[in-house]
Every structure is written in structure tokens, then in C-alpha cells.
Amino acid sequence: MALAEEPAVASQASTAETELKQELAVRDSVMQVQGDACTLEKDSLRSVIESEKAKSENWEKSYNTVKKDNETCAQMLVTSIGMNEKKQEKEQEDRRSAAMAASSSFLGGVGIGLLIMWLIMK
């Protein structure tokens, strides 16, 4: 009977070894699938990060361009306002000068008229 038990023990060991190999194969297969899924997810996340980084750089460039354009417009506006103020001041000065010339001319005419009238009446 001892001889009959030895093949049974050997076949049980062989069966256990086969089952162990099958379990290891299944485990390795599952781990490979999970590893592939992780690799795909990592690559996907990396591409999303690169895309967002590119978008961020584009937004930053756009912001800097708009900021520069805004500063240029502000400088042009300040210059334009200054020129308009100087033009208005010059126009007011010209009006004052014209009014002074007209009043001086009128007063000069009145003065000469009074002088002639005084000379005639004397």
C-alpha cells in the first residue's frame, strides 16, 4: 500500500504545482492588465498636463500682448488729452488776444475821436 500512496502523493503534488502555476499565471495576467491600464492612464494624464501647459503659455502670451496694447493705448490717450488741452489753451489765448486787440482798437479809435473832437472844439 505504501507504493500505491506514493503515486497519489506525487499526483497531488503535481496537481498542486499545476494549480499554483495557473494561479500565478492568472495573477501575472491581472497584474499585466492593471499595469497596462496604469501606463495608459499615466500617458493620458501626461498629455492632458502638456495640453494644459500649452494653453497656459498661450493665455500668458495673450495676456502680455493685451497688457502691452493697453499700456500703449493709455500712453496714446494721455498724449492725445495733453495735446487737446494745449490746443484749447492756445485757442483761449488766441481769443483773449483777439478780444484785447479789438478792445484796444476800439478804445484807440474812441481816444482819437475824443482828441479830434477836443481839438475841433477848442
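Below you will find a few notes about this structure. (Residues numbered from 1 in each chain as written. Predicted model: local features only at pLDDT ≥ 70, side-chain atom pairs only at ≥ 80, totals over all residues. Heavy atoms only, no water.)

## Some thoughts on the overall build of the chain
Along the backbone of the chain there are 1 helix and 0 strands. Here the chain has a C-alpha radius of gyration of 52 Å; the compact-globule value for 122 residues is 14 Å, and the former is much larger. Taking the principal axes of the C-alpha coordinates as reference, the chain spans close to 175 × 15 × 10 Å. Counting across all 122 residues of the chain, residues that qualify as buried make up 0%. When the accessible surface of the chain is summed, it comes to about 11,200 Å², and 63% of that surface belongs to carbon and sulfur atoms. Here the chain holds 15 positive side-chain charges and 20 negative ones, and the gap between their average locations is 23 Å. (Helix = DSSP H or I, 4+ residues; strand = E, 2+ residues; numbered from the N terminus. Rg over C-alpha atoms; globule rule 2.2 N^0.38 Å. Buried < 20%, exposed > 50% of the residue type's maximum accessible area, 1.4 Å probe, protein only. Areas by Shrake-Rupley, 256 points an atom, 1.4 Å probe, with all protein chains shown as cover. Lys, Arg positive; Asp, Glu negative; His and termini not counted. Charge placed at Lys NZ, Arg CZ, Asp CG, Glu CD.)

## Quick word on a nonpolar patch on the surface
Together, Ile112, Ile116, Met117, Ile120 and Met121 make up a nonpolar patch on the protein surface, roughly 570 Å² of accessible area in all. Here isoleucine 116 lies in helix 1 (residues 2-121). By relative accessible area, isoleucine 116 is classed as partly exposed at 45%. (Patch = residues over 30% accessible without salt bridge, like charges linked within 9 Å, V, L, I, M, F, W, Y side chains within 5 Å. Salt bridge = Lys/Arg side-chain N within 4 Å of Asp/Glu carboxyl O.)

## Some thoughts on the pattern of salt bridges
A full pass over the atoms with the stated rule returns 6 salt bridges. The closest approach of N and O atoms between arginine 27 and aspartate 28, which form a salt bridge, is 3.0 Å. Taking the shortest distance from any N to any O, the salt bridge between glutamate 52 and lysine 55 comes out at 3.6 Å. Remark: lysine 55 and glutamate 52 occur in helix 1; sequence separation between them is 3 residues, near one turn of the helix. For glutamate 52, a relative accessible area of 43% puts it in the partly exposed group. On the basis of relative accessible area, lysine 55 is assigned to the partly exposed category, the value being 44%.

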